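An overview of the molecular structure
Residue strings, one per chain:
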Amino acid sequence: NAGVTQTPKFQVLKTGQSMTLQCAQDMNHNSMYWYRQDPGMGLRLIYYSASEGTTDKGEVPNGYNVSRLNKREFSLRLESAAPSQTSVYFCASTEGMTANYGYTFGSGTRLTVV
Amino acid sequence: GQSLEQPSEVTAVEGAIVQINCTYQTSGFYGLSWYQQHDGGAPTFLSYNGLDGLEETGRFSSFLSRSDSYGYLLLQELQMKDSASYFCAYILTGGGNKLTFGTGTQLKVEL
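Just so it is clear, the structure is predicted and the values come from calculations on it, not from any experiment.

1. Let's talk about the nonpolar core
With 23 residues, the main nonpolar core has Leu32, Trp34, Leu75, Tyr86 and Leu107 of chain B as its most contacted residues. Listed by contribution, the elements that provide at least two residues to this core are strand 2 (9–13), strand 3 (18–25), strand 4 (29–37), strand 7 (60–65), strand 8 (70–75), strand 9 (84–92) and strand 11 (105–110) of chain B. The element that contributes the greatest number of residues to this core is strand 9 of chain B, accounting for 5 residues. Of all hydrophobic cores here, the second largest spans 20 residues; its members include Leu21, Cys23, Met32 and Val113 of chain A.

2. Quick word on the pattern of salt bridges
For the structure on display, the rule yields 5 salt bridges over all chains. Among the salt bridges present, the one from Glu79 of chain A reaches Arg77 of chain A, with a minimum N-O distance of 3.1 Å. Judged by relative accessible area, Arg77 of chain A falls into the partly exposed class, the value being 30%. Residue Arg59 of chain B pairs with Asp82 of chain B through a salt bridge whose shortest N-O separation is 2.8 Å. Remark: Asp82 of chain B occurs in the loop between strand 8 and strand 9 and Arg59 of chain B occurs in the loop between strand 6 (53–57) and strand 7; sequence separation between them is 23 residues. What you see here is one network of salt bridges that share partners, running through Arg36, Asp38 and Arg44 of chain A.

3. Topic: the sheet that holds strand 1 (residues 3–5) of chain B
Residue and element names in this part refer to chain B. Pairing is antiparallel across the open sheet formed by 5 strands, whose spatial order is 1-3-8-7-6. Every other strand in the sheet has two partners, leaving strand 1 and strand 6 as the edge strands with one partner each. With direction set aside, neighbouring strand axes in the sheet form an average angle of 20°. Summarising the sheet, strand 3 and strand 8 pair through 6 bridges and their orientation is antiparallel. Of the residues in strand 8, the one forming a bridge with Gln19 is Leu74.

4. With respect to the interface of chain B and chain A
Across the boundary between the two partners, chain B contributes 20 residues, which contact 24 residues of chain A. Taken together, both faces of the contact between chain B and chain A bury some 1700 Å²; the carbon and sulfur share is 59%. Within the residue set of the side of chain B that touches chain A, elements represented by two or more residues are strand 4, strand 5 (44–49), strand 9 and strand 10 (99–101) of chain B. Per-element tally for the side of chain B that touches chain A: the top contributor is strand 4 of chain B, with 4 residues. Looking at the side of chain B that touches chain A residue by residue, the classes come out as 10 nonpolar, 9 polar and 1 charged.

5. Quick look at the state of the cysteines
Residues and elements named next belong to chain A. Counted by the stated rule, this structure contains 2 disulfides over all chains. One disulfide in the model links Cys23 with Cys91; its S-S distance is 1.8 Å. Disulfide Cys23 to Cys91: torsion about the S-S bond roughly -75°, handedness left-handed. Linking Cys23 in strand 3 (residues 19–25) with Cys91 in strand 9 (residues 87–94), this pair joins segments that are 68 residues apart in sequence.

6. Observations concerning the packing of aromatic side chains
Tallied over the entire structure, the rule returns 17 aromatic pairs over all chains. The interplanar angle of 75° and the centroid separation of 4.8 Å between the aromatic rings of Tyr24 of chain B and Phe29 of chain B together place this pair among those described as edge-to-face. Of the two residues, Tyr24 of chain B and Phe29 of chain B, neither departs from the other in class, the shared state being buried. Among the aromatic residues, those joined into a cluster by ring pairs are Tyr33, Tyr35, Tyr48, Phe90, Tyr103 and Phe105 of chain A together with Tyr35, Phe45, Phe87 and Phe101 of chain B.

Reading guide: rules and limits
Residues numbered from 1 in each chain as written. Chains lettered and ligands numbered in written order. Predicted model: local features only at pLDDT ≥ 70, side-chain atom pairs only at ≥ 80, totals over all residues. Heavy atoms only, no water. Core = buried A, V, L, I, M, F, W, Y, C linked by side-chain atoms within 4.5 Å. Buried < 20%, exposed > 50% of the residue type's maximum accessible area, 1.4 Å probe, protein only. Helix = DSSP H or I, 4+ residues; strand = E, 2+ residues; numbered from the N terminus. Salt bridge = Lys/Arg side-chain N within 4 Å of Asp/Glu carboxyl O. Pairing = 2+ DSSP bridges. Axes fitted to C-alpha atoms, helices over the stretch in contact; angles between N-to-C directions. Contact = heavy atoms within 4.5 Å. Buried area = accessible area lost by both parts, 1.4 Å probe. Nonpolar A, V, L, I, M, F, W, Y, C, P; charged D, E, K, R; others polar. Disulfide = S-S within 2.5 Å. Phe/Tyr/Trp six-rings, centres within 6.5 Å; stacked < 30°, edge-to-face > 60°.

Here you go:
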């Protein structure tokens with residue numbers, strides 16, 4: 001089982017450029033998430049999708065958009081990248097609604113905006 | 001406010017026992033989770049306490065006391081590979097299916 005797969009693993013963007021971060025899971029999980037992690041800090045939720053066809057804002061949604069393409073795939077888009085969006089981005093998925101099953105995370109996308 | 005607070009750093013020696021605390025302020029949540037993250041890696045799920053009390057999984061144990069708004073992760077027989085960051089996390093009731101993470105504790109295991 002691959003679990004949660006994120007692409008790309010590394011990316012450098014110029015300010016104002018756009019890009020889409022891809023995430024796919026093969027565990028048949030209902031819920032998927034995008035988090036960002038800045039140096040020395042915890043994970044902050046950007047957007048999530050509790051089930052196929054739904055998306056909701058998290059703690060830090062400004063500057064991002066998401067698409068739940070199907071049950072497997074959940075993409076994160078930066079329309080006009082800013083240096084403040086330099087971060088490590090993690091996608092995650094889970095089956096349960098109460099976190100008792102645990103979240104499975106992808107290996108991350110390291111994004112630098114110059 | 002609703003937040004989870006942890007000590008920023010803990011240091012212990014190999015073979016010892018260490019406790020990482022997590023205090024929180026919330027009106028209600030489903031349970032307390034713990035995650036481990038090595039430098040440059042993805043967070044991995046360690047444990048979940050849905051009810052008060054102790055949960056044991058090998059060398060790791062986790063504890064929750066809702067009356068004290070407090071939980072901890074206990075690591076026994078520390079090994080060098082346990083050097084990592086540890087995060088507590090919860091999902092608030094009525095707040096959507098969103099896992100909120102604590103500030104994180106960096107554990108350094110020394111010889």
